[in-house]
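Chain by chain, the residues run as shown.
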Amino acid sequence: MSIGITENIGKSFDFAKTRLVGNWVDWIILIILCIIPIIGWILLMGFAVRVYRGGEAKLGEWVKMLIDGILMWIIGIVYGIVPMIVLFIFGGAALMNPMAMMDPNAAAAAVTGVSIIGLIITLIVSIIFGIMATMAIVRFAKEEKLGAAFQFGEIFKIVGKIGWIHYILSWIVLMIVLGVIMGILLIIPIIGWILLLILAPLFLIWEARFFGQLYESA
């Protein structure tokens, strides 16, 4: 039976809070990783995979974390290919429009019109693939096999057990909750930005635990 959205948000937050509060060394290390480009971010992705996988999600086995992070990054790129193709198609269609190529005014109108439509469609496609990519990454974490992220039949079956509406609503609600919190911190100069950096590991664990529990509920 699928876990309730508010219950999942609460339990996931409690897990993240418990995981970090009192474990100051781990918290500081995770904050440092947040500000180290490339390698630090990949290690953070590897740590997120560890949280998706379940258990206490301890730091350590850095090589494995690095490999998991790279594989998670690859999965994200693959699932992002289709939205990028859609964006390029509409961008190319606007620029290559015959009317646009002959008339500068028509060019501006064509580019604007097609761009707006293209952005809307790209946004919709991006959300769809983002929703699927999340579950693909969780499946990869659970199965510990890269191929598991692309077993679409199994992924659809898991989402079906969770319930498509419930899964999509869960994804949207969590994104809104995290987005609002981060947005508030971002509009507070300096102090808010510092707090955002400090709380970044909490948000990472919170989100990963949320989707890990959602997967397990299936």
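Residues numbered from 1 in each chain as written. Predicted model: local features only at pLDDT ≥ 70, side-chain atom pairs only at ≥ 80, totals over all residues. Heavy atoms only, no water.

You'll find the protein entered in an unreviewed UniProt entry as DUF4013 domain-containing protein, with Methanocorpusculum vombati given as the organism.

A.B. asks: For unusual backbone geometry, give the residues involved together with the corresponding values.
C.D. replies: A positive phi angle, near 60°, is found at Ile38, a position not held by glycine. The phi angle at Glu144 is positive, at roughly 60°, despite the residue not being glycine. Here Glu144 shows up in the loop between helix H6 (104-143) and helix H7 (152-162). (Helix = DSSP H or I, 4+ residues; strand = E, 2+ residues; numbered from the N terminus.)

A.B. asks: Account for the UniProt feature "transmembrane region" (unreviewed entry) in the protein, naming residues and giving values.
C.D. replies: Here, UniProt's "transmembrane region" (unreviewed entry) annotation points to residues 27-49, 70-96, 116-141, 162-181 and 187-206. Along residues 116-141 the backbone is 100% helical and 0% strand, and the end-to-end C-alpha distance reaches 37 Å. (UniProt positions renumbered as here; feature names shortened; annotations may be inferred.)

A.B. asks: Could you give me a rundown of empty space enclosed by the protein, with the residues and numbers involved?
C.D. replies: Evaluated as defined, the whole model comprises one cavity of 30 Å³ or more. Lining the largest cavity are Val51, Tyr52, Gly54, Lys142, Ala208, Arg209, Gly212, Gln213 and Glu216. When contributions to the lining of the largest cavity are tallied by element, the ones reaching two or more residues are helix H3 (39-53) and helix H9 (191-216). With five residues, H9 is the single largest residue contributor to the lining of the largest cavity. Among the residues forming the lining of the largest cavity, the class breakdown is three nonpolar, three polar and three charged. (1 Å grid on protein atoms, 1.4 Å probe; cavity = no way out; pocket = protein on both sides within 12 Å on 5 of 7 lines; lining within 4 Å. Points joined across faces, edges and corners; volume = space filled by probe spheres on them. Nonpolar A, V, L, I, M, F, W, Y, C, P; charged D, E, K, R; others polar.)

A.B. asks: Describe H9, and please don't skip the residues or the numbers.
C.D. replies: Every α-helix carries 3.6 residues per turn, so stepping three or four residues along brings you back to the same face. Spanning 26 residues, H9 covers 37 Å between terminal C-alpha atoms, matching the ideal 38 Å at 1.5 Å per step. Bending of H9 peaks at approximately 45° at the position of Leu199, with proline Pro201 no more than four residues after it. (Expected span 1.5 Å × (residues − 1). Bend = angle between axes of the 7 residues up to and from the residue.)

A.B. asks: Please set out the pattern of salt bridges residue by residue, giving values where relevant.
C.D. replies: Under the criterion given, the structure shown has eleven salt bridges. In this structure, the salt-bridge partner of Asp68 is Lys64, at a minimum N-O distance of 4.0 Å. On the criterion of helical spacing, the pair formed by Asp68 and Lys64 is a turn pair, its members being four residues apart in helix H4 (residues 62-95). Judged by relative accessible area, which is 5%, Asp68 ranks as buried. The exposure class of Lys64 is partly exposed, given its relative accessible area of 32%. Between Lys142 and Glu216 there is a salt bridge whose closest N-O contact spans 2.5 Å. Linking Lys142 in helix H6 with Glu216 in helix H9, this pair joins segments that are 74 residues apart in sequence. The class of Lys142 is partly exposed, set by a relative accessible area of 21%. What you see here is one network of salt bridges that share partners, running through Arg53, Lys64, Asp68 and Glu144. (Salt bridge = Lys/Arg side-chain N within 4 Å of Asp/Glu carboxyl O. Buried < 20%, exposed > 50% of the residue type's maximum accessible area, 1.4 Å probe, protein only.)

A.B. asks: Which residues make up the packing of aromatic side chains, and what values go with them?
C.D. replies: Enumeration over the complete set of coordinates arrives at six aromatic pairs. Note on Tyr79 and Phe150: the rings are 5.8 Å apart at their centroids and 15° apart in plane angle, and the pair reads as stacked. Pair noted here: Tyr79 is in helix H4 and Phe150 is in the loop between H6 and H7, with a separation of 71 residues, a long-range link. Through a chain of ring-to-ring contacts, the aromatic side chains of Tyr79, Phe150 and Phe152 assemble into a single cluster. (Phe/Tyr/Trp six-rings, centres within 6.5 Å; stacked < 30°, edge-to-face > 60°.)

A.B. asks: Pulling in residues and values, what's your account of the nonpolar core?
C.D. replies: Ranked by size, the top nonpolar core spans 53 residues in total, and within it Leu30, Phe47, Tyr52, Met135, Tyr167, Ile205 and Phe211 carry the most contacts. Per-element accounting of this core gives the leading share, ten residues, to H9. With residues near it in sequence (within four places) discarded, Met135 still touches Ile155, Ile158, Val159, Ile162, Tyr167 and Tyr215. (Core = buried A, V, L, I, M, F, W, Y, C linked by side-chain atoms within 4.5 Å. Contact = heavy atoms within 4.5 Å.)

A.B. asks: Tell me about the side chain of Asp68, and please be specific about residues and values.
C.D. replies: Of the polar contacts made by the side chain of Asp68, one reaches the side chain of Arg53; its length is 3.2 Å. With residues up to four places along the chain from it excluded, the contact list for Asp68 reads Gly46, Val49, Arg53 and Phe140. (Polar contact = N/O pair within 3.5 Å; in protein donor to acceptor, adjacent residues only side chain to side chain.)

A.B. asks: Could you give an account of the packing of H3 against H9, with specific residues and numbers?
C.D. replies: Two elements in contact, H3 and H9, have axes separated by 8 Å at closest approach and are oriented at 40°. When the axes of H3 and H9 are compared, the crossing they make is right-handed. Residues Leu44, Phe47, Ala48, Val51 and Tyr52 of H3 form the contact with H9, whose own contacting residues are Leu204, Ile205, Ala208, Arg209, Phe211 and Gly212. Taken together, the residues that form the contact of H3 with H9 break down as nine nonpolar, one polar and one charged. (Axes fitted to C-alpha atoms, helices over the stretch in contact; angles between N-to-C directions. Left-handed = near helix turned anticlockwise from the far one by under 90°.)

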